Amino acid sequence: MTTPAPSVDTPPTNGAPVITPRGRELRLDAALPFDAEDHGRRLLRTARFGTLSTLDPESGYPYGAATNLATDHDGSPVFIMAGLALHARNLAADPRASLTLVEPGLTDVLAGVRMTIVGRVVQVTDPARLEAVRWRYLARHPKTKLYMTLPDIGLYRLEMADLRVAGGPRRNAGEPQVAHFLTDLTGAEALLTAEAEEVERLNGPWGEDLPGRLARLHGGGDAGRWRAAGIDPEGIDLTSPDGDLRIRFPRRVTDPQAMRSALAALVRPVMVTGGK
């Protein structure tokens, strides 16, 4: 059983911008079409790892290191960290951090979708929330279960204060709003509480390889064995040994029955095609 995430309040900034203006105007007339919100939300949900940067308390220099990622129900990035890590020391002195994500599988990262998020890192300590976040993290990274047994390992969440999304040359998002990248959890307690059980059903015999059929229909191809890794009011996260996929529901759902109806609508074209 998982527990819903609390309502999200972005860290206080006293009204000042967190990512300050670049000081130069973007030539929007020369920009290519780019849906920053769609690409950014998809990257946020599918990135398996990113570069986390924190501030050294002595030198003041940023320190970056790669880390595995998952997301909380609302889309906030979550990760594990050892108490002995430099990041842990840095964050104890200053919780501000930056996280950089890049579109997977690219040989030239400047040609694809990139996302930089800034905010404050908080450790998840509430027992009910810890259970929920731990379950979601392990659903994405099952091999890290061994790490969870170490005495100084903690689960952390980046509470987003600002972000930027780029999509390659002449594809920039200007100044997007964090609220547009977070999932509204209002009224979805029944769905989130039942998440683990529903995912288990989808990945078991009852599911009849529904995750695989969904993936093949919605751009995942035949990238190995697909399984469900998370559910929220806006969509379902699928994972395989070779990639991850985010599929949005046709409409927002707040309970298991509505979620099952949404999945049926998404997979119905597969069933029709298969019957030809």
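Refer to the structure above for everything that follows.
Just so we're clear, the structure is a prediction, and the values are computed from it rather than from any experiment. (Residues numbered from 1 in each chain as written. Predicted model: local features only at pLDDT ≥ 70, side-chain atom pairs only at ≥ 80, totals over all residues. Heavy atoms only, no water.)

**Observations concerning the packing of aromatic side chains**
Summed over all chains, the structure comprises one aromatic pair. On the numbers, 6.0 Å between centres and 15 degrees between planes, the contact of Phe79 with Tyr156 is stacked. Of this pair, Phe79 sits in strand β4 (residues 77-82) while Tyr156 sits in strand β7 (residues 153-166); the two residues are 77 residues apart in sequence, bridging distant segments of the chain. Of note, Arg201 hangs over the ring of Trp206, and the distance from its end group to the ring centre comes to 4.0 Å. (Phe/Tyr/Trp six-rings, centres within 6.5 Å; stacked < 30°, edge-to-face > 60°. Helix = DSSP H or I, 4+ residues; strand = E, 2+ residues; numbered from the N terminus. Lys NZ or Arg CZ within 6 Å of the ring centre and 35° of its normal.)

**Re helix α2 (residues 86-93)**
Taken together, the buried positions of α2 are His87, Ala88, Asn90 and Leu91. Viewed along the axis of α2, the buried residues span an arc of 165 degrees, placing them on a single side of the element. Every exposed residue of α2 that faces more than 90 degrees away from the buried side is listed here: Ala92 and Ala93. Residues of α2 that are buried make contact with β1 (49-55), β2 (62-68), β4, β5 (96-102) and β6 (114-123). (Buried < 20%, exposed > 50% of the residue type's maximum accessible area, 1.4 Å probe, protein only. Arc of directions from axis to C-beta. Contact = heavy atoms within 4.5 Å.)

**Observations regarding the sheet that holds strand β10 (residues 243-248)**
Spatially, three strands are ordered β8-β9-β10 in an open sheet, and the strand pairing comes out antiparallel. Single-partner strands in this sheet number two, and they are β8 (227-232) and β10. Pairs of neighbouring strands in the sheet enclose a mean axial angle of 20 degrees, with direction left out of account. By the bridge criterion, five bridges tie β8 to strand β9 (residues 235-240) in an arrangement that is antiparallel. Residue pairing across strands places Ala228 opposite Leu238, the latter belonging to β9. Packed onto the sheet, helix α1 (residues 36-46) meets β8, β9 and β10 and runs at close to 130 degrees relative to β10. Packing of helix α5 (residues 195-203) onto the sheet brings it into contact with β8 and β9, and relative to β8 it is tilted by some 150 degrees. (Pairing = 2+ DSSP bridges. Axes fitted to C-alpha atoms, helices over the stretch in contact; angles between N-to-C directions.)

**What about the environment of Leu210?**
Tracing the backbone through its elements, the reader meets Leu210 in helix α6 (residues 210-217). Taking relative accessible area as the criterion, Leu210 reaches 12% and is therefore assigned buried. C-alpha separation for the pair Leu210 and Arg227, spaced 17 residues apart in sequence, amounts to 8.4 Å. Here Leu210 is in contact with Leu202, Leu263 and Val267, once residues within four sequence places are set aside.

**As for the nonpolar core**
Ranked by size, the top nonpolar core spans 25 residues in total, and within it Leu101, Met115, Ile117 and Leu163 carry the most contacts. For this core, the secondary structure elements donating two or more residues are α1, β4, α2, β5, β6 and β7. No other element matches β7, which puts five residues into this core. Once residues within four sequence positions are removed from consideration, Met115 is found in contact with Gly40, Leu43, Leu44, Leu99, Thr100, Leu101, Leu163, Arg164, Val165 and Phe181. Ranked by size, the runner-up nonpolar core spans 23 residues in total, among them Leu192, Trp226, Ala228 and Val267. (Core = buried A, V, L, I, M, F, W, Y, C linked by side-chain atoms within 4.5 Å.)

**Concerning the pairing of β9**
Within a regular strand, side chains alternate between the sheet's two faces. Of all six residues that make up β9, six are buried, and the element is covered over most of its length. Side chains Gly235, Asp237 and Thr239 project from β9 onto one buried face, and the interleaved Ile236, Leu238 and Ser240 project onto a second face that is buried too. Taking the residues between adjacent antiparallel strands as the criterion, β8 and β9 are bridged by two residues. Two elements, β9 and β10, share six bridges in a ladder whose sense is antiparallel.

**Examining the environment of Glu234**
Looking at the element boundaries, Glu234 is found in the loop between β8 and β9. In the structure, Glu234 is positioned 20 residues away from Thr254 in sequence and 9.0 Å away in space, judged by C-alpha atoms. Engagement of the side chain of Glu234 in a polar contact is seen with the side chain of Thr183, the distance being 3.2 Å. (Polar contact = N/O pair within 3.5 Å; in protein donor to acceptor, adjacent residues only side chain to side chain.)

**Concerning α6**
Most of α6 sits out of view: six of its eight residues are buried. All of the buried residues in α6 are Leu210, Pro211, Gly212, Arg213, Leu214 and Ala215. Gly219 lies just past α6 and shows a positive phi near 95 degrees.

**Things to note about the sheet that holds β1**
Taking strand neighbours across the sheet as the criterion, the seven strands line up as β2-β1-β5-β6-β7-β4-β3 in an open arrangement whose pairing is antiparallel. The sheet terminates laterally at β2 and β3 (70-71), the two strands that pair on one side only. Sheet topology places β5 next to β6; seven bridges connect them, and they run antiparallel. Bridge pairing links Ala97 to Gly119 in β6.

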